[in-house]
Amino acid sequence: FNGTLQDFNLYALSPYIGKHLGYEVKRGLLDLDINYHLVHRNIAAEHKIKVHNFELGQQLPNKLTGTPLTLALI
């Protein structure tokens, strides 16, 4: 199985990301290229993920309050 997704607007996931990471998504685009195949009855997978023009928005209350997410993204 092969699949490609290009220029997916991450703003659409802002409610989900905000709930779990504590920040809205102000903007950002996702490119995803996945490839799954069987090798000796095992699944082998390759993933290429690219996020560009990503910017966080307002901080929201969440379970991870105090986690330095913005530092991790720099």
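Here, every reference points to the structure presented above.
First, a word on scope: everything that follows refers to the structure included in this document.

**Quick word on the environment of L30**
Part 1: In this structure, L30 sits in strand β2 (residues 23-39).
Part 2: C-alpha of L30 to C-alpha of Q6: the two residues are 24 residues apart in sequence and 6.4 Å apart in space.
Part 3: Those residues in contact with L30, other than ones at most four positions away along the chain, are L5, Q6, D7, F8, L10, I49, K50 and V51.

**Description of unusual backbone geometry**
Part 1: Unusually for a residue other than glycine, H40 sits at a positive phi of about 50°.
Part 2: Inspection of the secondary structure puts H40 in the loop between β2 and β3 (42-59).
Part 3: For H40, a relative accessible area of 74% translates into the label exposed.
Part 4: One non-glycine residue with positive phi stands out, namely R41, at about 65°.

**Notes on a nonpolar patch on the surface**
Part 1: Together, F1, Y36, L38 and I43 line one region of the surface with nonpolar side chains, adding up to about 500 Å² of accessible area.
Part 2: For F1, a relative accessible area of 65% puts it in the exposed group.

Criteria and cut-off values
- Residues numbered from 1 in each chain as written.
- Predicted model: local features only at pLDDT ≥ 70, side-chain atom pairs only at ≥ 80, totals over all residues.
- Heavy atoms only, no water.
- Helix = DSSP H or I, 4+ residues; strand = E, 2+ residues; numbered from the N terminus.
- Contact = heavy atoms within 4.5 Å.
- Buried < 20%, exposed > 50% of the residue type's maximum accessible area, 1.4 Å probe, protein only.
- Patch = residues over 30% accessible without salt bridge, like charges linked within 9 Å, V, L, I, M, F, W, Y side chains within 5 Å.
- Areas by Shrake-Rupley, 256 points an atom, 1.4 Å probe, with all protein chains shown as cover.
- Salt bridge = Lys/Arg side-chain N within 4 Å of Asp/Glu carboxyl O.

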